[in-house]
Every structure is written in structure tokens, then in C-alpha cells.
Amino acid sequence: MLNRTALEALTRRPLPFLRSAWPWRCAAYLVASAVPGAAVGLVAAAVLLLPKPVGVPAGVALLAAIVLPLARFERLRLRLVDAVPLPPVPRPWRRELGLAVMTLLALWWIDLVMVAFMVAGPVLLVLTPAVQPTVSTQAGIAASVAGVLLLPVAAYTVTAWGGGRGAMARAVLAPQGSELSEVLRSRARLVDAFETERRRIERDLHDGAQQRLVALSMTLGMARLDLPEGSEVARLIGLAHGEAKQALEELRELIRGVHAPILTDRGLVAAVRDVAGRSPVPVDVDLDVPSRLPAPVEVTAYYVISEALANVAKHSGAARASVTGRVERGTLVVEVRDDGAGGADPARGTGLTGLADRLSVVEGRLSLSSPAGGPTLLRVEIPCAW
Ligand SMILES: Nc1ncnc2c1ncn2[C@@H]1O[C@H](COP(=O)(O)OP(=O)(O)OP(=O)(O)O)[C@@H](O)[C@H]1O
Ligand SMILES: [Mg+2]
């Protein structure tokens, strides 16, 4: 997975992280604080070294001249630790100016002190035998080994500090509040519109096509009764009757997939028991959740469980499966397990990736563990605050 910020990169496994460019990018980001540091030095030198009457005005003029280029510089160097483009904001120069002032006043020297402590410590330890000839050979080697062991730790702390500083710079340059809530609101609208449309399709299929098929099936059944037993026509009508019943069953299944009325009428627990009851693989259901949850949460959880159980039946070869669910600190956590062959891979179908898309709309998370040989565990977390 490609990381777009230093803080994201910290969540990678240790070796890929240490081999990545992120620790170096963060170190470069922090060392670049020498530029605002030099600017402060220049202003201080002007004030202190020039003759009294001109010193202070020259210092102020210099500060005014450097603050805007410095603000641009801050925005540019942010790319080292955060590759996500900054969203446009009204009057960006005011925010840039704010960040430049913060950097000039304090941040530059905090960055430099941090990077010096975090990197210089291990490097000096590594170089002990070279820079301190007075220490014994064993002590020198021990110090070098300790220094080498501390280098990865330094990579983590430099990245954490650089990433944190980047997040702070981003927060000053582009506070996300209004933009984000608007996006979420429109997402919620989308979910609602989608659900309404589903229900409409379900009603249309239920009241239209399904009723016609029921009538057709009954008519064929009656026609069969009136025909002489064993005749060719009776055989053909019998076949047609069987086909009509099968088509009706398939249509019912399709309607349940589009929208499950039992979910709207009786809630998640009843709907999941219904799906589990129809699964060819025996499923233990243990749902310890309130009788009703917010509609988007119920619908998402229901479709996740339906797809997971369909996958168990289609791919796993499992003898048993289970669905467990509970609400933990305001988040619905559902786990679907099976004791089958494992090896589930979202890249091989559209079902699992579709679930991930569905979950992202309600800010949920999907995790999958399915080693070859099994077992498979699918875990979903959906925040209930809707
Ligand atoms: N419980 C499971 N046990 C073993 N393998 C699984 C399991 N679930 C999924 N898989 C494997 O992962 C692949 C991807 O699953 P996914 O649900 O994304 O697609 P699909 O079921 O093949 O097709 P679709 O869901 O789009 O009809 C499957 O093709 C299957 O090989
Ligand atoms: Mg599937």
C-alpha cells in the first residue's frame, strides 16, 4: 500500500518502513527548519549589529521581506512529510502567514533540537571508537552496537515528530472542519437516496413481476389438474409449472437481495437469523445488539453478513460458520467466521471490495484474515452514531 503521509507510513511493518524514504524525508523536513532559523539569525544580527537608529527599522523591514517567501517555503516543504494535496481555502496567505510566524517564533528551534537529539545520540554512539580513542576497545564496540540498535528507534522518532509537525502545519494551512462535514452530509444523503430506490425496486418487483408469476404458476397448476394423466400435454404443462415455481423462487431470492423487508420490519437480529437459516452451511448466530440500530448501520451490517455467508457457502468448503455481533463503545462489531479452506482474496471478485466501498460510506472498517488452510475471519466495525 502506498503511504501518503509520514504518520501513515508509521503503521507499516518495521522492515518496509525502515527501508522506505519516510525517515529520510522527515529528517530532511526537520533539518529544513535551519532556513527559518537562519532568517531569525539575520534579523537578530541586523537589530544587534547595525547602529542603533537604523538597527530596529532594518530588522523590521527584513522581517517583513522574508515572512512571505518563508510562508511559501513552509507550504512547499510540507510535501516532504505529507503528499496529500492541500484543499483550496479562502485567503490562503493569512494561514501561511500564521504558520510562518509560529515557525519563526518557536517551531524552527524545536525541530532542530529534536532532530539533533534523536539522530546525534545514536550516531555518536556508533562513532565512539573513532571519536573517543581513550575508551577501551570493548566499551567502544559495545557503544557502537548500542548505537546501531538505536538507529531504527531514531528513524521512528524522527518520522513521528516530522509527521506530527506536518499534521500541525496542515491543520494551520487548511482546517478541514466545514469541508469534511459537507462531504459526510452528502454521503449520508446518497445512502438515503440509495435505500429509497432499493425499496422502490423491491416494491415494484414484489407487487408486479412476483404477483404475475404467482398467478401463472397457479394457472398452470390448475390446467395440469384438468388434463388426462400421462398425456404429452400434461407432461409439458408439468414442466412449465416446475419452471414457473423455480422462477418465482429465484425472483424471491433476488428481491431479498435488493431489499430485505424483514430487516426494515424486525431489525438486524431477525434478518440475520433469516439469512443464516437459509445458508447451506450450518451457522451459529450470536448477536448481542439492541433491537434496533440506526437504519444505515443495520442495512450495511446486513449486506456484509449476507455476502460473507454467501462466500462461505460458495468458496470455503466449511463445515460450520458463525456470526457474532456486539456494540462496543458506540461501534457495532460483527465477526463472521468459518472453518473452511481460507485463502479469501478481495482481488479475485467484486463482493469483498464492494463491501469495503459500502463500509466507507458509513465510515466503517472491514478486516479480513484468511490464511491458506483457513480459518477465515471477516470483521466489520460500523460506528453507530448516525
Ligand atoms: N470464506 C471464504 N473462504 C475461502 N475463500 C473465500 C472466502 N470468501 C472469499 N473467498 C475467496 O475470495 C475471492 C473473492 O471473494 P469475493 O466475495 O470478493 O468474490 P466472489 O465471491 O468470487 O464474487 P462475487 O462476490 O463478486 O459474486 C473468492 O473468489 C474466493 O476465492
Ligand atoms: Mg462473494
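## With respect to the confidence of the model for the chain
Mean pLDDT over the chain: 88, with 95% of residues reaching 70 or higher. When the elements of the chain are averaged for pLDDT, helix α9 (residues 177-226) gives the smallest value, 77, and strand β1 (residues 283-288) the largest, 96.

## A closer look at the domain arrangement of the chain
Domain annotation of the chain identifies domain 1 (6-174), domain 2 (181-258) and domain 3 (261-383). Between domain 2 and domain 3, the C-alpha centre-to-centre distance is 26 Å.

## Comments concerning the sheet that holds strand β5 (residues 376-383)
Across the sheet, which stays open at both edges, the five strands sit in the order β1-β2-β3-β5-β4 with mixed pairing between neighbours. At either end of the open sheet lies a strand with only one pairing partner, and these are β1 and β4 (365-369). Averaged over neighbouring strand pairs, the angle between their axes works out to 10° when direction is ignored. In terms of strand pairing, strand β3 (residues 331-338) meets β5 through eight bridges, oriented antiparallel. Residue E335 lies in a different strand from β5, and its bridge partner there is R379.

## Digging into the site of ligand 1
Taken together, 19 residues lie around ligand 1, and N311, S316, A344, G349 and G351 are the ones closest in. With five residues, the top contributor of residues to the shell around ligand 1 is helix α13 (residues 295-316). Class assignment of the residues belonging to the shell around ligand 1 gives a composition of five nonpolar, ten polar and four charged.

## Here's the deal with the nonpolar core
Judged by nonpolar contacts, the single largest core of 33 residues is most densely connected at A301, Y302, I305 and L309. At the level of secondary structure, the elements contributing two or more residues to this core comprise α12 (268-278), α13, β2 (321-328), β3, α14 (351-361) and β5. If you tally residues by element for this core, the top one is α13, at nine residues. For L309, the residues in contact, after removing those within four places along its chain, are V275, A276, S279, V283, A321 and V336. Of all hydrophobic cores here, the second largest spans 25 residues; its members include A6, A27, I66 and V115.

Rules of the game
- Residues numbered from 1 in each chain as written.
- Chains lettered and ligands numbered in written order.
- Predicted model: local features only at pLDDT ≥ 70, side-chain atom pairs only at ≥ 80, totals over all residues.
- pLDDT = per-residue confidence, 0-100.
- Helix = DSSP H or I, 4+ residues; strand = E, 2+ residues; numbered from the N terminus.
- Domains from an automatic or database assignment.
- Pairing = 2+ DSSP bridges.
- Axes fitted to C-alpha atoms, helices over the stretch in contact; angles between N-to-C directions.
- Near = placed C-beta within 6 Å.
- Nonpolar A, V, L, I, M, F, W, Y, C, P; charged D, E, K, R; others polar.
- Core = buried A, V, L, I, M, F, W, Y, C linked by C-beta atoms within 7 Å.
- Buried ≥ 20, exposed ≤ 12 C-beta atoms within 10 Å, placed from the backbone.
- Contact = placed C-beta atoms within 7 Å.

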